[in-house]
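Report on the structure
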Amino acid sequence: MGLGKVEVRLKWDPSPYGQAPRHLDIIAATYAAEDPYGQPVYVVHYESRSPDGTINMLRHSQTGMGFGFVEVMVLEFERLSSAYGRVMVGVAIHQNDGPRTFGDISNAGVVVVEGYRQLLADDFARVADATAATVAEFTRGTDGAWELRPAIRGFDSDPAVFSREMGRAPR
């Protein structure tokens, strides 16, 4: 059967009073079926969507808010072209006001759901020293069905660099 319409939801608390806003972003990178670990064919984040509309942001926050999941990305795998065989999803922290890691962000968390079914949940504790982290790896099987593999892995890079390196095979 495989995955159909999936949501990646992100939450975090706003900055303490008097401090600069903390800004996190969900980023998805789509890879060609014939080169699943090469360069991404396209990247989706808060200022973009996939060319065919199958991956896009429903909700975006630049400050957190503390009201639950404030940023949401939708991935419609049942509509994604067979030209694509892998999608990596991650979260990056903007570094506008000096280095910030997940350990500096209070109440951060991510969930991946399909309908009412939770597929993955994480609080970024195991990547507390990272400035960005992959969350989930979606791959298309030989039967064409999409599946999820949890892929919590920390990086020390800003959002632009992270979007290029997040899909590389782990060493």
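Residues numbered from 1 in each chain as written. Predicted model: local features only at pLDDT ≥ 70, side-chain atom pairs only at ≥ 80, totals over all residues. Heavy atoms only, no water.

**A word on the overall build of the protein chain**
Of the regular secondary structure elements, the protein chain holds one helix and 10 strands. The order of α-helices and β-strands along the protein chain, N terminus first, is β-β-β-β-β-β-β-β-β-β-α. Here the protein chain has a C-alpha radius of gyration of 15 Å; the compact-globule value for 171 residues is 16 Å, and the two agree. C-alpha extents for the protein chain along the principal axes are approximately 50 × 35 × 30 Å. Counting every position in the protein chain, which comprises 171 residues, the buried fraction comes to 50%. When contacts within the protein chain are restricted to residue pairs at least 6 apart in sequence, long-range pairs at least 24 apart make up 67% of them. (Helix = DSSP H or I, 4+ residues; strand = E, 2+ residues; numbered from the N terminus. Rg over C-alpha atoms; globule rule 2.2 N^0.38 Å. Buried < 20%, exposed > 50% of the residue type's maximum accessible area, 1.4 Å probe, protein only. Contact = heavy atoms within 4.5 Å.)

**A short note on the nonpolar core**
Core analysis: the biggest nonpolar cluster contains 37 residues, and Phe 77, Val 87, Phe 102, Phe 124, Val 135 and Phe 138 have the highest contact counts within it. Among the elements that make up this core, the one with the highest residue count is strand β6 (residues 84–93) (five residues). Sequence-distant contacts of Val 135, defined by excluding residues within four places in its chain, comprise Val 89, Gly 90, Val 91, Val 110, Val 112, Leu 120, Phe 124, Pro 150, Ala 151 and Ile 152. Membership of the second largest hydrophobic core comes to 10 residues, among which are Ile 27, Ala 92, Ala 151 and Phe 162. (Core = buried A, V, L, I, M, F, W, Y, C linked by side-chain atoms within 4.5 Å.)

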